[in-house]
Structures are given as structure tokens and as C-alpha cells.
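Spelled out from the first residue to the last, the chains are:
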Amino acid sequence: DAGITQSPRHKVTETGTPVTLRCHQTENHRYMYWYRQDPGHGLRLIHYSYGVKDTDKGEVSDGYSVSRSKTEDFLLTLESATSSQTSVYFCAISESRRDPTDTQYFGPGTRLTVL
Amino acid sequence: AQSVTQPDIHITVSEGASLELRCNYSYGATPYLFWYVQSPGQGLQLLLKYFSGDTLVQGIKGFEAEFKRSQSSFNLRKPSVHWSDAAEYFCAVGAGDYKLSFGAGTTVTVRA
């Protein structure tokens, strides 16, 4: 299994509070991704990173920000959590030096509940 | 932009029977296609992928998929399912920009 950890694994928070989720990899892969998984929608890309300090938006980026100050860590921040952000969040990594077909490997997920 | 449709939300199959999961994609050029499986409470695991060459792709756990350009499809098959194949299956398409678009998923239930 790819060395990907996510923390916390479970979190319950209140509307309006900031939340930060962490993804940590030990594979030294260049690309990192944050997805959210909701019933009936599959996985939707929130943000991704193609290198340290290099990030870009996915299809559902509103209300989320990311940072990547080190190759191994990719942080997802909900600036002011809303109930619509209750979801399961997955981090993924891929080597993708030149090959966009490189496999994305997924972490175990973080279940976030916003009350 | 690319997109994926998985027409079947839920499929129930008997153990030992064959399984076919449908996936249709929308993309103007040659897509990169993937099938992932998610067991309950787990992350996603890659079953197989297609990007060029032979249109019949073999994957792990006895799964295979066939790319049919004329039908814009990439259906997943397994000749004989095991109880451990009960999971949610996701088809995904990549357009060469290092991002994937996922279908909504198909949940497979295996009955004894």
C-alpha cells in the first residue's frame, strides 16, 4: 500500500468554525489531490497540487483552501465550515512526472461532520 | 470537460455468477480510463486502467474491462464473483491533465 495517512480520521465540528485536514505521504510523489465523496456524486476533486507551493482548483473548490509547504504534506482548510461540507474527504497521490496515466493512490479518508 | 456515467446504482448478484458493471464516458479525444473499488470504510484501490493498446485490460482480483471507442464504454467484468467482491465500484476518466473525473459509483451486493 502507498504510504498515505490522513488526520484526523473522524471529526465533528460546528458551523462557522475553521477546520484543517492533513494528508501526509512517504512516497515523495509530486502530485497530491483532495477529493470529497458524497452519495450519488462519487468523488469530486476539490484542489490538487503539482509541487511545493503549486496548487490549483478542482471542480468543487468554493469554501476550501489548500497549502503545500513540503512535498510530503498537503493541507485542506475549510475556512468557515458549513453543513454542506459534511462529507468523507480523501487524499490521493500520484507520481505523474510525465505520465498522466499514472495511478492515483488513495488514503483511508477523513469523515467530517459539520453540525 | 470529461465526464463519466455509471448507469447502475446498485447490482445484486449471486456468489459464483458473472458480474458486469457499466461505464460510459464523454471525452473528445482518447481517454485514460480507470476502475477503482472501495470496500466499506476503506479508501479506493485501483483494479485496472486503460490508456492505449489492447482494448481488453486485465486487472487484479480476476477483473477485466473492455474499452469500446464506438460505444464510449469501459465495462468491468468478472466471470465468477466471490462474497469478498461486495463493494462499491467507481469508473474514472482522465484527460491527460493529471486530474480524474469519477462516476457516481455502483454498489455490488453478493448473495449466498
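Everything discussed here concerns the structure shown above.
In this report, the structure presented in the accompanying data block is examined. Here the structure is a predicted model, which is why all the values come from computation and not from measurement.

1. Observations concerning the overall build of chain B
- Scanning chain B for helices and strands turns up zero helices and twelve strands.
- For chain B, the N- to C-terminal ordering of α and β elements is β-β-β-β-β-β-β-β-β-β-β-β.
- Whereas a compact globule of 112 residues would reach a radius of gyration of roughly 13 Å, chain B reaches 13 Å, a difference of no more than 12%.
- Viewed in the frame of its principal axes, chain B has a C-alpha envelope of about 40 × 30 × 20 Å.
- Looking at chain B as a whole, 46% of its 112 residues qualify as buried.
- Carbon and sulfur atoms provide 48% of the accessible area of chain B, an area that totals close to 5200 Å².
- Of note, chain B has its 9 positive side-chain charges centred 3 Å away from the centre of its 9 negative side-chain charges.

2. Things to note about the side chain of Thr103(A)
- Examined against the element boundaries, Thr103(A) turns out to sit in the loop between strand E9 (87-94) and strand E10 (105-106).
- A polar atom in the side chain of Thr103(A) sits 3.4 Å from the side chain of Lys49(B).
- The contacts of Thr103(A), once residues within four sequence positions are left out, are Ile93(A), Ser94(A), Tyr36(B), Leu46(B) and Lys49(B).

3. A look at the interface of chain B and chain A
- Listed per partner, the contact involves 21 residues of chain B and 25 residues of chain A.
- Around 1700 Å² of area is buried between chain B and chain A when both sides are counted, 59% of it from carbon and sulfur atoms.
- If you sort the residues of chain B by the area they bury against chain A, Tyr98(B), Lys99(B) and Phe102(B) come out on top, with a joint share of 37%.
- Summed over the shared surface of chain B and chain A, the result is zero salt bridges.
- Connecting chain B to chain A are three residue pairs in polar contact (both at pLDDT 80 or more).
- When contributions to the side of chain B that touches chain A are tallied by element, the ones reaching two or more residues are strand E5 (32-38), strand E6 (44-50), strand E10 (87-94) and strand E11 (100-102) of chain B.
- Broken down by element, the side of chain B that touches chain A gets its largest block of residues, four residues, from E5(B).

4. Remarks on the sheet that holds strand E7 (residues 64-70) of chain A
Residues and elements named next belong to chain A.
- Within the open sheet, the four strands sit side by side as E1-E3-E8-E7. Their pairing is antiparallel. The strands lining the two open edges of the sheet, one partner per strand, are strand E1 (4-7) and E7. Strand after strand, the sheet turns through a mean of 20 degrees between neighbouring axes, direction not considered.
- Pairing of E1 with strand E3 (residues 19-25) involves four bridges; the strand directions are antiparallel. Across the sheet, Ile 4 pairs through a bridge with Gln 25, a residue of E3.

5. Structural notes on the pattern of salt bridges
- Overall, the coordinates contain eight salt bridges over all chains when judged by the stated rule.
- For the salt bridge of Arg22(B) with Asp8(B), the shortest nitrogen-to-oxygen distance reads 2.9 Å. Residue Arg22(B) is located in the loop between strand E3 (19-21) and strand E4 (24-26), and its partner Asp8(B) is located in the loop between strand E1 (3-5) and strand E2 (10-14); the two are separated by 14 residues in the primary sequence.
- Residue Arg22(B) is classed as partly exposed on the basis of its relative accessible area of 38%.
- Because the salt bridges share partners, they merge into one network encompassing Arg22(A), Lys70(A) and Asp73(A).

6. Quick look at the pairing of E6(B)
All names here are of chain B.
- In terms of strand pairing, E5 meets E6 through six bridges, oriented antiparallel. Note on E6: the bridge partner recorded for Tyr 36 is Leu 46.
- Remark: five residues form the turn of the hairpin made by E5 and E6, two consecutive strands paired antiparallel; Gly 41 in that turn has positive phi of roughly 75 degrees.

How each quantity is defined
- Residues numbered from 1 in each chain as written.
- Chains lettered and ligands numbered in written order.
- Predicted model: local features only at pLDDT ≥ 70, side-chain atom pairs only at ≥ 80, totals over all residues.
- Heavy atoms only, no water.
- Helix = DSSP H or I, 4+ residues; strand = E, 2+ residues; numbered from the N terminus.
- Rg over C-alpha atoms; globule rule 2.2 N^0.38 Å.
- Buried < 20%, exposed > 50% of the residue type's maximum accessible area, 1.4 Å probe, protein only.
- Areas by Shrake-Rupley, 256 points an atom, 1.4 Å probe, with all protein chains shown as cover.
- Lys, Arg positive; Asp, Glu negative; His and termini not counted.
- Charge placed at Lys NZ, Arg CZ, Asp CG, Glu CD.
- Polar contact = N/O pair within 3.5 Å; in protein donor to acceptor, adjacent residues only side chain to side chain.
- Contact = heavy atoms within 4.5 Å.
- Buried area = accessible area lost by both parts, 1.4 Å probe.
- Salt bridge = Lys/Arg side-chain N within 4 Å of Asp/Glu carboxyl O.
- Pairing = 2+ DSSP bridges.
- Axes fitted to C-alpha atoms, helices over the stretch in contact; angles between N-to-C directions.

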